[in-house]
Amino acid sequence: MKKINVEKQDSVKIYKIRKTLEELSQKSGRGTELITVYIPKGKQLHEIINALQQEQGTADNIKSDLTRTHVVDSLGKVVQRLRLYKKTPERGLVMFCGALPPEGGGPLGSEVVKVWEIDPPKDLKQYLYRCDDHFHVDILKDMLKDDNLIGFLAIDAKDAGWGLMHGDKIEVLGHTGSGVAGKHRQGGQSAKRFQKVREMELTYYFNRVAEVTRQYFIDSYKIRGLVVSGPGPTKEDFVNGNYLEYRLQNMLLSTIDSSYAGSEGIREAFVKSGDILADFRMVEEKKLVESLFREINSHSGLGAYGLQEIIGYLKNNVVKTLIITDDTDLHRVEGRCGRCQHTQEEILERPQVIPKKTEYSNNPCPECKAMEVKTAEQDIVDYLEILSAKTGSLLEIISGKTESGAMLGSLGKAGAILRYNPSHAK
């Protein structure tokens, strides 16, 4: 059995990159003054710094005083940040910097220079410098796409089926009959003649299956691995006969014994391939959610859901693993009194954040009545990450678009597997 080396993803890191890219995608400058720099793995930082300093000199030719100032300041800030690194990070580095209007807009000249630094999720192989009216985020977005597609072929002497695993589900792509005669002779044919005809039909069938497999898994979908299944020896005859295109032969993960070929065989092989595909993130997510529901349905006291309840368990060091979907658009809003340090907090959806901050700011502290309440906001994942780090809890973020994500969505998009039953501790 062959295994593909797939690096275990840090789901929190991936989530944060995705959220940052969503934010940057919505930014636009007043002119062509937003800086994008992609620094590939292994690139010498002093070369990048020299190149950017040359760009600063070129920026002196910009006619608009304000645009020239913004570009020079942004380049200077990028260079300043790069000097803090001893060498290029292991995977490379991406920096975005620009003068942007304050939140809610503002008059010309009120822009603030901001910088974002991103450690790419995969090895960065290309250098890019752009000064534009928007940030160039597409290269990073492409890195976040799920490239762990797995192809399935379920074959016997009667029929064949093709499937594609993406997310935590299998999609049946197609099905075909073989046209190969059964093993029993027909009419007055001699045994030898019948066997020769059947072998020719099988060879034609195998070549046809190999061609369709190539079309699906090389031309249409860029798979990372291939699983071949089916009852009896036909699958081995097909694989060992070198009918598969060499690239697919090199991607072969395993051959699996199954009761069926065709469409039913695809679904059966998917169920049986959990151990083979254990390195893939979508299977990890499925197992996490199944574990959570197993604890909830067994009434073990080790499964919890409801965000407020989970936060309470986190603070009391009860949570072993916290699972939340990536489409949970919640934010923690805090109001802290500058005089007595009394803190108010609430977890809200995005549209409610600004009204709640306004409410905190415009009202006196409930404790000391001082009008010194300062507000702050946090993405819910940032808040949960801080709480999890304090207690050694594992935080996992899963896709809300998969079947597993939909299951977790039915519980309010968050659940937790606990270290112990809290009711037994009382």
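The coordinates are above.
Just so we're clear, the structure is a prediction, and the values are computed from it rather than from any experiment.

Definitions and cut-offs
- Residues numbered from 1 in each chain as written.
- Predicted model: local features only at pLDDT ≥ 70, side-chain atom pairs only at ≥ 80, totals over all residues.
- Heavy atoms only, no water.
- Salt bridge = Lys/Arg side-chain N within 4 Å of Asp/Glu carboxyl O.
- Helix = DSSP H or I, 4+ residues; strand = E, 2+ residues; numbered from the N terminus.
- Buried < 20%, exposed > 50% of the residue type's maximum accessible area, 1.4 Å probe, protein only.
- Expected span 1.5 Å × (residues − 1).
- Pairing = 2+ DSSP bridges.
- Axes fitted to C-alpha atoms, helices over the stretch in contact; angles between N-to-C directions.
- Parallel < 35°, antiparallel > 145°, perpendicular 65-115°, else oblique.
- Left-handed = near helix turned anticlockwise from the far one by under 90°.
- Contact = heavy atoms within 4.5 Å.
- Nonpolar A, V, L, I, M, F, W, Y, C, P; charged D, E, K, R; others polar.
- Phe/Tyr/Trp six-rings, centres within 6.5 Å; stacked < 30°, edge-to-face > 60°.
- Lys NZ or Arg CZ within 6 Å of the ring centre and 35° of its normal.

Draft legend 1. Quick peek at the pattern of salt bridges. Applying the stated criterion across every chain, the model contains 28 salt bridges. Note that Arg267 and Glu264 form a salt bridge whose closest N and O atoms lie 3.4 Å from each other. Residue Arg267 and its partner Glu264 are located together in helix 8 (residues 262-272), separated by three residues, close to a single helical turn. Judged by relative accessible area, Arg267 falls into the partly exposed class, the value being 40%. For Lys357, the salt bridge is made with Glu377, and the minimal N-O distance between the two is 3.2 Å. In this pair, Lys357 is assigned in helix 11 (residues 353-362) and Glu377 in strand 14 (residues 373-379), connecting sequence segments 20 residues apart. What you see here is one network of salt bridges that share partners, running through Lys315, Arg332, Glu334, Arg336 and Glu345.

Draft legend 2. Examining helix 9 (residues 281-297) more closely. Taking 1.5 Å as the rise per residue, helix 9 with 17 residues should run 24 Å; its terminal C-alpha atoms sit 24 Å apart, in good agreement. Of all the positions in helix 9, only Arg281, Met282, Val283, Glu284, Glu285, Leu288, Val289, Leu292, Phe293 and Ile296 are classed as buried. One or two residues past the end of helix 9 sits His299, with phi positive at roughly 55°.

Draft legend 3. Examining the environment of Lys87 more closely. Relative to the assigned elements, Lys87 resides in the loop between helix 3 (65-82) and strand 2 (92-100). As for Lys87 and Lys114, which are separated by 27 residues in sequence, their C-alpha atoms are 23 Å apart.

Draft legend 4. Examining the sheet that holds strand 14 more closely. Spatially, 13-12-14 is the arrangement adopted by the three strands of the open sheet, whose pairing is antiparallel. Among the strands making up the open sheet, the edge pair consists of strand 13 (343-349) and strand 14. Taken pair by pair, the neighbouring strands of this sheet meet at an average axis angle of 20°, ignoring direction. Sheet topology note: the strand 12 (residues 330-337)/strand 14 ladder contains seven bridges and is antiparallel. If you follow Cys337 over to strand 14, its bridge partner there is Val373.

Draft legend 5. A look at the packing of helix 1 (residues 11-25) against helix 12 (residues 380-391). Orientation of helix 1 relative to helix 12, taken along the N-to-C sense of each, is 150°, at an axis distance of 11 Å. Of the possible angle classes, the one that applies to helix 1 and helix 12 is roughly antiparallel. When you trace helix 1 past helix 12, the crossing you get is left-handed. Across the interface between the two elements, Val12, Tyr15 and Lys16 of helix 1 pack against Val381, Asp382 and Glu385 of helix 12. Of the residues in the contact of helix 1 with helix 12, the class split is three nonpolar, no polar and three charged.

Draft legend 6. Structural context of the side chain of Thr213. Counting through the fold element by element, Thr213 comes out in helix 5 (residues 191-220). Not counting residues up to four positions away in its chain, the partners in contact with Thr213 are Leu153, Trp162, Ile218, Leu244 and Leu248.

Draft legend 7. Structural context of the packing of aromatic side chains. As enumerated under the stated definition, the model contains ten aromatic pairs in all. Ring geometry for Tyr38 against Phe96: centres 6.2 Å apart, planes inclined by 85°, an arrangement best described as edge-to-face. Within this pair, whereas Tyr38 is found in strand 1 (residues 34-40), its partner Phe96 is found in strand 2, the two being separated by 58 residues in sequence. According to the relative accessible area criterion, Phe96 is buried, its value standing at 0%. A ring pair is formed by Tyr205 and Phe206, whose centres lie 5.8 Å apart and whose planes are at 35°; its orientation type is tilted. In this pair, the class of Tyr205 matches that of Phe206, namely buried. Of the aromatic side chains, those joined through ring pairs into one cluster are Tyr38, Phe96, Trp116 and Phe135. Positioned above the aromatic ring of Tyr127, the side-chain terminus of Lys43 is 5.9 Å from the ring centre.

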